[in-house]
Amino acid sequence: MFGMPKLLIFVLLLTACIPQANADSHPDIGNNNSPWASALRVIDLADSPTPAYDITAVYLRQAEDALQIRIDLLDFKNPNDIYLDIRIADDAALQESALIIHIPTQSIAIRFSLDPELATVIVEIPLSQIPTHFTLDVTTPEDEIKGLTLDGPYPAQTAPLLLTFYDTFGARTPAEALRSWDGAHTGPRGERHGLKHLLEAVEKYQVPVVLLDLKEPENLSALDAMGVLAHIQHLQASDLLVLPDQSEEEPIFGFPTSPFSWGGNSRWGTLSPQLTFAFSSEPTHFYQPILSKTTIIPVVKETQTTEPYPNGPSLDVRRQLLETALNPDEKDILVLGGSLRHTTWGSPDMVGATMAYFASRPYIHILTADDLIRFPSKYGKPKLQSPPIDGFAESLEMHYQNMTQPVLEFAENWDGAHLSSCGNDIDKDQLPECILANDQYLAILDPQGARLVYLFSVKRDRFSGYRHQLIGPSWQVAVGLSNPALWDISAGEAADPGAYPGAFADLDDPFRPYEPRIEGESLVFTSLDGTRSKTFKITNIGLEVVYATQETVRTQIPLLVDPWMRFTPGWAENYVYEITPNGIRWGLGNSLMVDLHAEGVVLSLAKGPVTMRAFNESLSLLSSPEDPDFNYPPGFRVPFPMAIVEASLEDGYHLRIELR
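Report follows, based on the coordinates. (Residues numbered from 1 in each chain as written. Predicted model: local features only at pLDDT ≥ 70, side-chain atom pairs only at ≥ 80, totals over all residues. Heavy atoms only, no water.)

A word on the overall build of the chain. Across its full length, the chain carries eight helices and 37 strands. Put simply, the chain has 660 residues, and 55% of those count as buried. Approximately 27800 Å² of the chain is accessible, and the part contributed by carbon and sulfur atoms is 51%. (Helix = DSSP H or I, 4+ residues; strand = E, 2+ residues; numbered from the N terminus. Buried < 20%, exposed > 50% of the residue type's maximum accessible area, 1.4 Å probe, protein only. Areas by Shrake-Rupley, 256 points an atom, 1.4 Å probe, with all protein chains shown as cover.)

Right, here's the structure in full:
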């Protein structure tokens, strides 16, 4: 067929004339399901000094009336950087001149496309110009691949790739949830950033990932409130998300128990399932310690040399993928990912280009949950490394947990007995608290600020009692609300100045010392200078508070109604508020409401001497990207699942808290 003179097709091409693919329309995305998978003929190490001259893979296939040749290069940003020769020789007529094609070309007969994002060149040559049996060579000024045939063997090498992420989501307030989901200017380079963009790339390019800490109960609760949890469950059911268990508690929100655990969170320690993710000194292999049934799956700390860039993976990552594919060790693996919050894996333009690149290379095998279960491991015990957590934040959280848990246990064990005392250190902070209780209500108060820190109730029927919580401090559900520079763990309950430390704290001095005394069924707190006093009284219908003050006092009432309900599907929709003739009603509209009644004062939600802001004011806004110029409602920064009542109180102010 090559009886013609030697043919050289070589035409200089202007950039504007080059057909280019768009990342949104790649026809070959799909990894091993790609139509190019069976066309792969060779994988080559990245060993040329110029990325645009470095051939990393070549594919051959026959499609309709043309021979299609795909050439993967290490990288190129400008199509004018391409300098590529393709030589096709007839095996049956070795003495005949070969067909030589130079890319770029403007030949009408030779169609080609260049995709700088995927670093691929695709050439189509009419079959009329191709011999029945041929040998194909591809060369650049610095690299060459020779002797390829259409029916040649498919390379057996693969690059096992594991994508694992931690710091995936923040869930203390609606503001934090939106910023970590689809935040404005929150990325490492000031770009839009968030979990949403990683998940969109995962779904679009069908690239499975591991989200190590997403299954923390607080995260799932906030995602449910945002209305996106069902989609995350769909992605998991589609084998695109691996969500390790965070604790040994029962699964919530319908998620099945995972065969994987995440041991990077020191709050839970290392769990006992057979497959545990952990930071390892040997990040290229799974390890199974001798005489142990636990397999350690490595997690890495991302660096700037391996995180995504606007044009896709870094050159280091591309080289590592090729090295992994060509490594004869079948147990060798490449692990990428790291902190989602602090890397560009949450940046839409960068993560999309990177996932498109991974999906376009058939030799990259991105591991699913089933792959992880079956993947071979080495015997031995690697040195496990400390997780890159914020130790100060972890200490603050543990500090408040140590004070909260004893109180919750005390309330759980309370049997409805009448109590009236001020000598017990219930929260174990080395300072005494006061207790008021009848057979219906339990109030725990602190002389430091004369604060009603907790209020519980028992709603009784003929056979049993159901314990409810009505009021609580914000650190029971969210820790670290203020600037970390202001934290002081030595300050006890005042360690986080941004916390809501209970009801009726004086905003001008929340921990001002008061002297307590019990008067019959009442507890009276008097400031040391005698200018303020607060009287608390437990009744059969709730709690009454009376102020005596020489000046107007601004205070807050953090309503925390059955906070454990936020771990049930659709929970956020159940919290509602109402305006009553003399007050405000807040709580679970289908079961439990707290009434605030004021005598002589009109309560309102937005103005007047008493106002209220609640976490659910902004839920409808969480479906849109964060807008730094938008005036979000006051409840945007209130912790899930709280409402904060704020009041200006004068002498003789009388407030009742009742359960409905």
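What follows is about the nonpolar core. Judged by nonpolar contacts, the single largest core of 117 residues is most densely connected at Leu 163, Phe 169, Leu 211, Met 355, Phe 358, Leu 452 and Phe 504. The residues contacting Leu 163, other than those within four sequence positions of it, are Val 207, Pro 208, Val 209, Val 210, Leu 336, Trp 345, Met 355, Phe 358 and Ile 366. In terms of nonpolar packing, the next biggest core, distinct from the first, is built from 30 residues, Leu 99, Val 123, Ile 125 and Leu 136 among them. (Core = buried A, V, L, I, M, F, W, Y, C linked by side-chain atoms within 4.5 Å. Contact = heavy atoms within 4.5 Å.)

A few words on the pairing of strand S11 (residues 159-166). Counted residue by residue, S11 has eight buried out of eight residues, so it is predominantly covered. Burial of S11 is two-sided: the residues Ala 159, Leu 161, Leu 163 and Phe 165 facing one way and the residues Pro 160, Leu 162, Thr 164 and Tyr 166 facing the other way are all buried. In this structure, S11 lies alongside strand S19 (residues 364-366), joined through three bridges in parallel fashion. Note on S19: the bridge partner recorded for Ala 159 is Ile 364. Relative to strand S18 (residues 334-339), S11 runs parallel, the two sharing six bridges. Paired with Tyr 166 across the strands is Ser 339, a residue of S18. One ladder, built from two bridges, connects S11 with strand S12 (residues 209-211); its direction is parallel. Each bridged residue has a counterpart across the sheet, and for Thr 164 the counterpart in S12 is Val 210. (Pairing = 2+ DSSP bridges.)

What follows concerns the packing of helix H2 (residues 195-205) against helix H6 (residues 348-360). Running from N to C, H2 and H6 cross one another at 25 degrees; their axes reach a closest spacing of 9 Å. When the interaxial angle is binned, H2 and H6 end up roughly parallel. Crossing hand, H2 versus H6: right-handed. Along its contact with H2, which presents His 197, Leu 198, Ala 201, Val 202 and Tyr 205, the element H6 presents Pro 348, Val 351, Gly 352, Met 355, Ala 356 and Ala 359. For the contact of H2 with H6, the residue count by class is nine nonpolar, two polar and no charged. (Axes fitted to C-alpha atoms, helices over the stretch in contact; angles between N-to-C directions. Parallel < 35°, antiparallel > 145°, perpendicular 65-115°, else oblique. Left-handed = near helix turned anticlockwise from the far one by under 90°. Nonpolar A, V, L, I, M, F, W, Y, C, P; charged D, E, K, R; others polar.)

Let us look at the environment of Leu 559. The residue Leu 559 is located in strand S31 (residues 553-559) in this model. In this structure Leu 559 comes out as buried when scored by relative accessible area, which is 1%. Once the C-alpha coordinates of Leu 559 and Met 612 are considered, the two residues, 53 residues apart in sequence, prove to be 9.9 Å apart. Excluding residues that lie within four positions of it along the chain, Leu 559 makes contacts with Leu 470, Ile 471, Trp 586, Val 594, Leu 596, Pro 641, Met 642, Ala 643 and Val 645.

It is worth spelling out the sheet that holds strand S4 (residues 66-73) at this point. Taken together, five strands build an open sheet; the order of strands is S2-S3-S4-S8-S7 and the sheet is antiparallel. Both outer strands of the open sheet, strand S2 (40-43) and strand S7 (111-115), are each paired with one neighbouring strand and no more. Averaged over all adjacent pairs, the angle separating strand axes in this sheet is 10 degrees, with direction ignored. Bridge count for S2 against strand S3 (residues 55-63) is three bridges, and the pairing is antiparallel. Each residue of the ladder has a partner; that of Ile 43, found in S3, is Ala 57.

Topologically, Phe 392 is positioned in helix H8 (residues 391-413). Residues Phe 392 and Asp 488, 96 residues apart in the sequence, show an inter-C-alpha distance of 9.9 Å. Ignoring any residue separated from it by four or fewer positions in sequence, one finds Phe 392 in contact with Pro 484, Trp 487 and Ile 489.

Counted by the stated rule, this structure contains one disulfide. A disulfide bridge connects Cys 422 with Cys 434, and the sulfur atoms are separated by 2.1 Å. Of note, the bridge from Cys 422 to Cys 434 carries an S-S torsion of about 115 degrees and is right-handed in sense. Placement of the pair is Cys 422 in strand S21 (residues 419-424) and Cys 434 in strand S22 (residues 433-437), with a sequence separation of 12 residues. On the basis of relative accessible area, Cys 422 is assigned to the partly exposed category, the value being 25%. Of the residues examined, Cys 434 reaches a relative accessible area of 0% and is grouped as buried. (Disulfide = S-S within 2.5 Å.)

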